[in-house]
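A structural walkthrough
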Protein chains: 2
Amino acid sequence: MFRKLVHFEKALQILQREFPIRPIDVEQVTLSEALGRILAHEVLSPENVPSFDRSTVDGYAVKAADTFGADENRPVTLTLKGYVAIGGLPHAIVRNGAVAEIVTGAPLPSGADAVVMVEYAVRRGNVISIHRPVSKGENIMKAGSDFQKGEKILRKGQVLGPREVGALAAIGLPKVSVFKKPKIAVLSTGEEIVEQGKPLPPGKVYDINTHTLSSAVQSFGGDPINLGVVPDDFGLLKAALDKALGLADVVITSGGVSVGPKDIVPRVLDTLGKPGVIVNGIAVKPGKPTTIAVVNKKLIFSLPGHPTSSLMMFYLLARPVLDQLTGKHEGAPQTLKAVAATRMFPARGRKTLTMVTIDHGKSGRLVASPVPLGLSGAISTLTKADGFVEIEEERQFVDVGEEVTVSLFRYKQGF
Amino acid sequence: MFRKLVHFEKALQILQREFPIRPIDVEQVTLSEALGRILAHEVLSPENVPSFDRSTVDGYAVKAADTFGADENRPVTLTLKGYVAIGGLPHAIVRNGAVAEIVTGAPLPSGADAVVMVEYAVRRGNVISIHRPVSKGENIMKAGSDFQKGEKILRKGQVLGPREVGALAAIGLPKVSVFKKPKIAVLSTGEEIVEQGKPLPPGKVYDINTHTLSSAVQSFGGDPINLGVVPDDFGLLKAALDKALGLADVVITSGGVSVGPKDIVPRVLDTLGKPGVIVNGIAVKPGKPTTIAVVNKKLIFSLPGHPTSSLMMFYLLARPVLDQLTGKHEGAPQTLKAVAATRMFPARGRKTLTMVTIDHGKSGRLVASPVPLGLSGAISTLTKADGFVEIEEERQFVDVGEEVTVSLFRYKQGF
């Protein structure tokens, strides 16, 4: 059999033309099953998160105006009028120079518009001496500051990592709709191939490819169906491929695509249905005999039998198709070098993790820009950041243009 | 409660001193369950792989000396004396100017020491005209050229990816010993925390941290046990922690470690067993109130309640411990820029994937060196390479020092 090799890009074009983009089914999973799955719909926040103004510190809820002029030596004295417990409605009302004791996370009582940290107040009975003024809104996380009601939280096609699972948890969702994993059947052909656990007769070798290809399918979000080894027999191979097409969305075979008398795979592929073989030989090394068929709107990749060739062709040719079938828009996380967009300061005496976004800078280098932090309790900050930079406490600051290492939360295309 | 923050590195030292390195249990899994697991023992090849000399092409098995002097116009003529089937013992014997037809992967017949590709031979009846000479060993994969008997194939602590699973398959192993996943119990504390699926009363928020932390544990190879939300009650929290310590190797709590009246976690930790709290407050931002306890040789991380703080502290503090408990020596793969160590040529007219190793060069840049390919069928080449470079067919070559993008098979420390 002689054949004309097609260029790799041409093979991709033929593949895209002949293999219809199929709607991917959706299923519901619990949050504990959600890690690594692909979100099937965009997610909006059904309510403000948090649903109420919260204190971000332990201390005293006050009217900010009541603390003006306070300093270390001349404190303002106010009267303690109640305690705001966490997890309930505040009964205290802050007015006429009153304050209410409050803990981190508790709802701000009526009348209060700021919280004085406990470190800057001294209590003697019901008299609270305030040693530092606060401005309106200080030490408060406003209702909706994490997510506004109706705000888009997550995008369709996003891979659910720990932070995205956290965002779903924040809005109270016990379950989430994700794309079903595409089923990919894998089989090896060849008289010389023996399954593991059996003795190896002379002239035979163990099956490698169903294991490498199944693992590769799994690692990129597919659901592999390992159909094992099929002999080089026209009838047996046709039966195995018919079965595989019934079980799976895509079938990957290895072996039997070269030019020897036993290389019957392309001929079998052409008997299974229309249009049959669409690519027979690609100008790529390794992987030249790679054959692609479409049968009744399902796809078959027939890769060479050499373990290296078949796995490399999986990465080059089958993986992008698998990514598309999974509905994924992102890959695996990593660490990157970038330059600081602004000065970044550590908290005094503390090793400081600064969340950043990463972008291409004008100089051709990547640029890391701190995410406006707001409040450290905000899960929304986490979902907006690309990663974080560690700043050691000994540093005065990281300067503009200085190189930093970013630990990425998510993979970004093109870096 | 006042406390002195310890520096982050000091906290790590205390942790390493107080938390004994525990032997990690081992379990057997099948190859289809092996992806992402950590190898518990080094693996040696029990036999040569392949166990016999194989042809790497379709053609004619010959004595190389019989082909000397052959060229396009004056072929050497030899006599066809048999056919070597794949998957069995060869019956043909090659001697006295005889050749045997042979297919890719079939065992070399006795007397032959090379294979002439079918493209360079013409058959008329039993007369084979050879139009190009071959040298001894040409187009043959020698016995043991993939793995030698007794050769070390995989290291203890290696993460099993598709290529490593392939190496195990090549030596016929149906099962493999891997480290058991460490069990990590996760719970949230706080009166204001509500589980998903329940209505959200005023002043309450949904539990985020057990979901982010369980997902993070899972994504780094641990087996999370989500114990949900525990109220800020001394007795209930003590009971929950006792239960968690019974179920898991490590416990991660969030909330209740600040300085408010409800922040009872450190006091509860000190009642569970010896030595109790070993770190109470770390000079890091976010995450200052983070508390670490060791109880009866088990470890408890008590992280702050803010979702961002708790997840960042997981990455910084708990993840390295988890990596150690999983037995892992490697992380996730990525793409890197490097410079070519040698000229790399594409195969003529074919987009070419060249396997490379990556190392630090003298110039401070990473250097990609092609792996001596030998034969593309060798799974051992795959396990030795760090990744591959794509060379387009239009290129004459990639020059020494030219920048290339390496798609990494595995993560390498320090890049």
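In what follows, the accompanying structure is described. (Residues numbered from 1 in each chain as written. Chains lettered and ligands numbered in written order. Predicted model: local features only at pLDDT ≥ 70, side-chain atom pairs only at ≥ 80, totals over all residues.)

1. Some words on the relation of the copies chain B and chain A
When chain B is fitted to chain A, the best match, at an RMSD of 0.1 Å, comes from turning it 180 degrees and sliding it 0.0 Å along the axis. Read as a symmetry element, the transformation amounts to a two-fold axis. The fraction of interface residues of chain B whose copies in chain A are also interface residues reaches 100%, indicating that both copies meet through the same surface. (Least-squares fit on C-alpha atoms with pLDDT ≥ 70 in both. Contact = placed C-beta atoms within 7 Å.)

2. Re the interface of chain B and chain A
Taken together, the 82 residues of chain B in the interface contact 83 residues of chain A. Contributions of two or more residues to the side of chain B that touches chain A are made by helix 2 (162-170), strand 16 (205-206), helix 3 (209-219), strand 20 (282-285), helix 6 (307-326), strand 24 (351-360) and helix 7 (379-384) of chain B. Ranked by the residues each element gives to the side of chain B that touches chain A, the list is headed by helix 3 of chain B, at seven residues. Among the residues making up the side of chain B that touches chain A, the classes are represented as 38 nonpolar, 32 polar and 12 charged. (Helix = DSSP H or I, 4+ residues; strand = E, 2+ residues; numbered from the N terminus. Nonpolar A, V, L, I, M, F, W, Y, C, P; charged D, E, K, R; others polar.)

3. Some details on unusual backbone geometry
Residues and elements named next belong to chain A. Between valine 49 and proline 50 the backbone carries a cis peptide bond, its omega angle lying at -5 degrees. You can see proline 50 is positioned in the loop between strand 3 (43-44) and strand 4 (54-55). Phi angles above zero are rare outside glycine, and asparagine 139 is one such case at about 60 degrees. Within the secondary structure layout, asparagine 139 lies in the loop between strand 10 (127-130) and strand 11 (140-141). The exposure class assigned to asparagine 139 is buried, which follows from the 22 C-beta atoms found within 10 Å. (Buried ≥ 20, exposed ≤ 12 C-beta atoms within 10 Å, placed from the backbone.)

4. Some thoughts on the environment of valine 176 of chain B
All names here are of chain B. Looking at the secondary structure, you find valine 176 in strand 13 (residues 175-179). In this structure the C-alpha to C-alpha distance between valine 176 and isoleucine 358, which are 182 residues apart in sequence, comes to 28 Å. Ignoring anything within four residues of it in the chain, the contact list for valine 176 reads Val29, Leu31, Ala34, Leu39 and Leu168.

5. What about the packing of helix 3 (residues 209-219) of chain A against helix 6 (residues 307-326) of chain A?
Residues and elements named next belong to chain A. Following both chains from N to C, one finds helix 3 and helix 6 inclined at 25 degrees, their axes separated by 10 Å at the closest point. Put simply, helix 3 runs roughly parallel to helix 6. Judged by the sense of rotation from one axis to the other, the crossing of helix 3 with helix 6 is right-handed. Of the residues in helix 6, those touching helix 3 at Asn209, Thr212, Leu213, Ala216 and Val217 are Pro307, Ser310, Leu311, Phe314 and Leu322. (Axes fitted to C-alpha atoms, helices over the stretch in contact; angles between N-to-C directions. Parallel < 35°, antiparallel > 145°, perpendicular 65-115°, else oblique. Left-handed = near helix turned anticlockwise from the far one by under 90°.)

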